[in-house]
Amino acid sequence: LMPRAAASAGISRVRNAISGEDSNELKQINELVLAHQTLPLNERGEVDTRSEAGMACCTKFLEVLVATAARLGAEASDRSYRKEFSRNYRILFPDSKRRYRVDVLEG
């Protein structure tokens, strides 16, 4: 879990962005909202990760999510557990950076 002080700092940055104190952060949040709104849904109302268009939209959303977290200074969780992954997964996740993959999240 994220330390309370770090979480409070992140919340404060979001409030500043929303209040207009940091227009670059607000632009980033708006981009995230827009990327989320463009996620296509399947017949069950779930995000479509099976079609080519759905995969592309999900990939874009995840890229914007990572950029937004970085812009807002959100601290990444510990990912040392990745050392225990199989070789194939370590190729996909070689370090402790935020790395989200639609194909892995879908599984």
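Residues numbered from 1 in each chain as written. Predicted model: local features only at pLDDT ≥ 70, side-chain atom pairs only at ≥ 80, totals over all residues. Heavy atoms only, no water.

1. Quick notes on helix H2 (residues 23–37)
The end-to-end C-alpha separation of H2 is 21 Å, in line with the 21 Å expected for 15 residues at 1.5 Å each. Within H2, the full set of buried residues consists of Glu25, Gln28, Ile29, Leu32 and Ala35. One side of H2 holds all its buried residues, which, seen down the axis, span an arc of 120°. Set apart from the buried face of H2 by more than 90 degrees, the exposed residues are Lys27, Leu34 and Gln37. (Helix = DSSP H or I, 4+ residues; strand = E, 2+ residues; numbered from the N terminus. Expected span 1.5 Å × (residues − 1). Buried < 20%, exposed > 50% of the residue type's maximum accessible area, 1.4 Å probe, protein only. Arc of directions from axis to C-beta.)

2. Quick look at the packing of aromatic side chains
All told, the structure shown has 4 aromatic pairs when counted by the stated rule. With a centroid separation of 5.7 Å and 65° between ring planes, the pair formed by tyrosine 81 and phenylalanine 85 is classed as edge-to-face. According to the relative accessible area criterion, phenylalanine 85 is partly exposed, its value standing at 25%. For the ring pair phenylalanine 85 and tyrosine 89, a centre distance of 5.8 Å and an interplane angle of 65° mean the geometry is edge-to-face. On the accessibility criterion, tyrosine 89 (40% relative accessible area) is partly exposed. Taken together, the aromatic side chains of Tyr81, Phe85, Tyr89 and Phe93 make up a single cluster linked through ring pairs. (Phe/Tyr/Trp six-rings, centres within 6.5 Å; stacked < 30°, edge-to-face > 60°.)

3. Re the nonpolar core
In terms of nonpolar packing, the biggest core is built from 8 residues, these being Leu32, Ala35, Leu39, Cys58, Phe61, Leu62, Val64 and Val102. When residues of this core are traced back to their parent elements, those giving at least two are H2 and helix H3 (52–71). Once you skip the residues sitting within four places of it in the chain, leucine 62 turns out to touch Tyr100, Arg101, Val102 and Leu105. (Core = buried A, V, L, I, M, F, W, Y, C linked by side-chain atoms within 4.5 Å. Contact = heavy atoms within 4.5 Å.)

4. Quick look at the pattern of salt bridges
A complete count under the given rule lists 5 salt bridges for this structure. Ionic pairing is found between arginine 44 and glutamate 43, a salt bridge with its closest N-O pair at 3.5 Å. By relative accessible area, arginine 44 is classed as exposed at 57%. When the shortest N-O distance is used, the salt bridge between arginine 101 and aspartate 103 registers 2.9 Å. When salt bridges with common partners are traced through the structure, they connect Glu43, Arg44 and Glu46 into a single cluster. (Salt bridge = Lys/Arg side-chain N within 4 Å of Asp/Glu carboxyl O.)

5. Here we look at the side chain of arginine 79
Tracing the backbone through its elements, the reader meets arginine 79 in the loop between H3 and helix H4 (87–92). At 7.8 Å, aspartate 95 is the nearest oppositely charged side chain to arginine 79, a buried residue that forms no salt bridge. (Lys, Arg positive; Asp, Glu negative; His and termini not counted.)

6. Concerning H3
End to end, H3 covers 29 Å across 20 residues, agreeing with the expected 28 Å (1.5 Å per residue, within 8%). Structurally, H3 contributes buried residues whose contacts are with H2 and helix H5 (102–106).

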